[in-house]
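Each chain is listed here by its residues.
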Amino acid sequence: MSNGRIRSLLLGDAQADRVVPPSGFTAHLTLFASAAMAFLAVFALALSLAAGRLADRWSDELARSATLRISAPADQKAAQTSAALAVLEQTPGIASARALSDEEQAALLAPWFGADLPLDSLPVPQLIEVIEDDEGYDAEGLRLRLAAEVPGAVLDDHTRWRRPLVEAANSLRRLGVFSILLIGGATAAMITLAANAALAANAQVILVLRLVGARDSYIAQAFVRRFTIRALLGAAAGVAFGMAGVLLLPEASDAGGFLTGLGFQGAGWFAPLLIPILGALVAFAATWFAARRRLEEIS
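Residues numbered from 1 in each chain as written. Predicted model: local features only at pLDDT ≥ 70, side-chain atom pairs only at ≥ 80, totals over all residues. Heavy atoms only, no water.

Asker: Would you take a moment to explain the overall build of the protein for this structure?
Answerer: Each helix and strand in the protein was counted, giving ten helices and four strands. Of the regular secondary structure in the protein, the N- to C-terminal order runs α-α-α-β-α-β-α-β-α-β-α-α-α-α. In the protein, buried positions account for 38% of the 299 residues. Within the protein, contacts between residues at least 6 apart in sequence are counted, and of these 84% link residues at least 24 apart. Carbon and sulfur atoms make up 63% of the accessible area of the protein, which totals about 16,800 Å². (Helix = DSSP H or I, 4+ residues; strand = E, 2+ residues; numbered from the N terminus. Buried < 20%, exposed > 50% of the residue type's maximum accessible area, 1.4 Å probe, protein only. Contact = heavy atoms within 4.5 Å. Areas by Shrake-Rupley, 256 points an atom, 1.4 Å probe, with all protein chains shown as cover.)

Below, the structure is given as structure tokens:
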């Protein structure tokens, strides 16, 4: 479209606007569909962004940590723990290593065995938390050295269960993006139906306009502008309600896990503001193609 047509579309034409009925089921359908889809898009976007943050956090935090488990007789556990800590301190790439206290290990086992678990009377392995630095360490080399110097030590670098968690979070992120695309497609379909209905209802008016010299592009612009504005207003209302709903969600917390961090964070609060603009663009394209095709059929 030329600059003149775009300016005419934005500013409008009082006579051309009368071609499209200002009220009726097509107006209500467009407003409701745009608002409902924008509302759903806000939550789909929140899910996608939250899943992305979760995947990044799990990937960064879990990749830098490991656990050393020492299973040894009670009279040898302290000696093997000290030997393991000495090996870890000498290993390049390890930033810190510390043995968990009995209270910390009891807290880890409490969700499964209760808070009154008697660690002194049970053969519970000693756990050592290992944090690597930016360069990282040679896990296979460390395992070989531990096998020679600390027979009861088993190194778990969390790779086996970290990867499924990260993949699950990434799948949720892709699901959110796919949902947004489906919402956009459904919005385009409903606006197309509403535009076709409005064009069919005004077929006689369109024929009269053609008789007095109106071009199809002039008639199409009237429909495109009206439906684009309706979609923009409806999507803006839906985004407002959606962001209000996101504000009511629990804030992110370490104790609450993923379900408490579904809201937007930082600059992410500006992302939903793009939804009305995208909704208007979808309505513009859908109505334009629907109008051009319908006008060709009206003769």
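Now, onward.
Asker: Before we go on, may I ask you to explain the pattern of salt bridges in this structure?
Answerer: Opposite charge on two side chains permits pairing when their charged atoms draw close. Within this structure, the stated rule accounts for four salt bridges. Residues Arg98 and Glu104 are paired through a salt bridge, measuring 3.0 Å at the closest nitrogen-oxygen approach. Across the pair Arg145 and Glu149 runs a salt bridge, and its minimum N-O distance is 3.0 Å. You can see Arg145 and its partner Glu149 sitting in helix α6 (residues 139-149), four residues apart, about one turn around the helix. Classification of Arg145 by relative accessible area gives partly exposed; the value is 28%. Glu149 gets classed as partly exposed once you look at its relative accessible area, which sits at 46%. By sharing partners, the salt bridges in this structure join Arg98, Glu104 and Glu129 into a single network. (Salt bridge = Lys/Arg side-chain N within 4 Å of Asp/Glu carboxyl O.)

Asker: Looking at this model, I keep getting lost on the packing of helix α9 (residues 216-247) against helix α10 (residues 274-297). Mind explaining?
Answerer: The relative placement of two packed helices is expressed as an angle between their axes plus a distance between the axes. Across the interface, α9 lies against α10 with an axial gap of 8 Å and an inter-helix angle of 150 degrees. In terms of their interaxial angle, α9 and α10 are classed as roughly antiparallel. Helix-helix and strand crossings are classified by hand; for α9 and α10 the assignment is right-handed. (Axes fitted to C-alpha atoms, helices over the stretch in contact; angles between N-to-C directions. Parallel < 35°, antiparallel > 145°, perpendicular 65-115°, else oblique. Left-handed = near helix turned anticlockwise from the far one by under 90°.)

Asker: Quick question: what am I supposed to make of a nonpolar patch on the surface here?
Answerer: A contiguous nonpolar patch, built from Leu175, Val177, Phe178, Leu181 and Leu182 and spanning about 500 Å² of accessible area, is present on the exposed surface. Relative accessible area serves as the criterion here: at 43%, Val177 is assigned to the partly exposed category. (Patch = residues over 30% accessible without salt bridge, like charges linked within 9 Å, V, L, I, M, F, W, Y side chains within 5 Å.)

Asker: Looking at this structure, I do not really get the confidence of the model for the protein. What am I missing?
Answerer: Interpretation of this model should avoid reading the predicted coordinates in detail wherever pLDDT is low. With 82% of its residues at a pLDDT of 70 or more, the protein has an overall mean of 79. Predicted confidence in the protein is weakest over helix α1 (residues 3-11), with a mean pLDDT of 53, and strongest over α9, with 88. (pLDDT = per-residue confidence, 0-100.)

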